[in-house]
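Topology and contacts: notes
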Amino acid sequence: MAKKKRNPFRELEASLKEVPPGMKKKVMNDIAAAKLILDLASLFSFNVGSALRKLFKTFGNN
């Protein structure tokens, strides 16, 4: 009969505990703020190049 192996992931799962509501709310707010900053940064960084290309293309036609 095969020897039963110990699963360390089951031990990790068993040690999980609930996070206090105040800490959970703070972490979620921090994540939301970071996501907002990343979205704003991508909006300005990606669209600036496109806008400049269109601007110079427009000036070249006149």
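Now for a description of the structure that goes with this document. (Residues numbered from 1 in each chain as written. Predicted model: local features only at pLDDT ≥ 70, side-chain atom pairs only at ≥ 80, totals over all residues. Heavy atoms only, no water.)

1. Some words on the overall build of the chain
- Counting its secondary structure elements, the chain contains 2 helices and 0 strands.
- Here the C-alpha radius of gyration of the chain, 26 Å, is well above what a compact globule of 62 residues would show, namely 11 Å.
- Dimensions along the principal axes, computed over C-alpha positions, put the chain at roughly 85 × 40 × 5 Å.
- Out of the 62 residues belonging to the chain, those deemed buried represent 0%. (Helix = DSSP H or I, 4+ residues; strand = E, 2+ residues; numbered from the N terminus. Rg over C-alpha atoms; globule rule 2.2 N^0.38 Å. Buried < 20%, exposed > 50% of the residue type's maximum accessible area, 1.4 Å probe, protein only.)

2. Section: the pattern of salt bridges
- Scanning all chains against the criterion turns up 3 salt bridges.
- Here Glu11 makes a salt bridge to Arg6, at a shortest N to O gap of 2.7 Å.
- Judged by relative accessible area, Arg6 falls into the exposed class, the value being 65%.
- Across the pair Asp30 and Lys26 runs a salt bridge whose closest N-O atoms are separated by 3.1 Å. Here the residue Asp30 and the residue Lys26 both occupy positions in helix α2 (residues 21-61), the gap between them amounting to 4 residues, near one helical turn. (Salt bridge = Lys/Arg side-chain N within 4 Å of Asp/Glu carboxyl O.)

3. As for a nonpolar patch on the surface
- Where nonpolar side chains cluster on the molecular surface, the patch consists of Leu36, Leu40, Leu43, Phe44, Val48, Leu52, Leu55 and Phe56 and spans about 770 Å² of accessible area.
- Of note, Val48 is situated in helix α2.
- Residue classification places Val48 among the partly exposed positions, given a relative accessible area of 43%. (Patch = residues over 30% accessible without salt bridge, like charges linked within 9 Å, V, L, I, M, F, W, Y side chains within 5 Å. Areas by Shrake-Rupley, 256 points an atom, 1.4 Å probe, with all protein chains shown as cover.)

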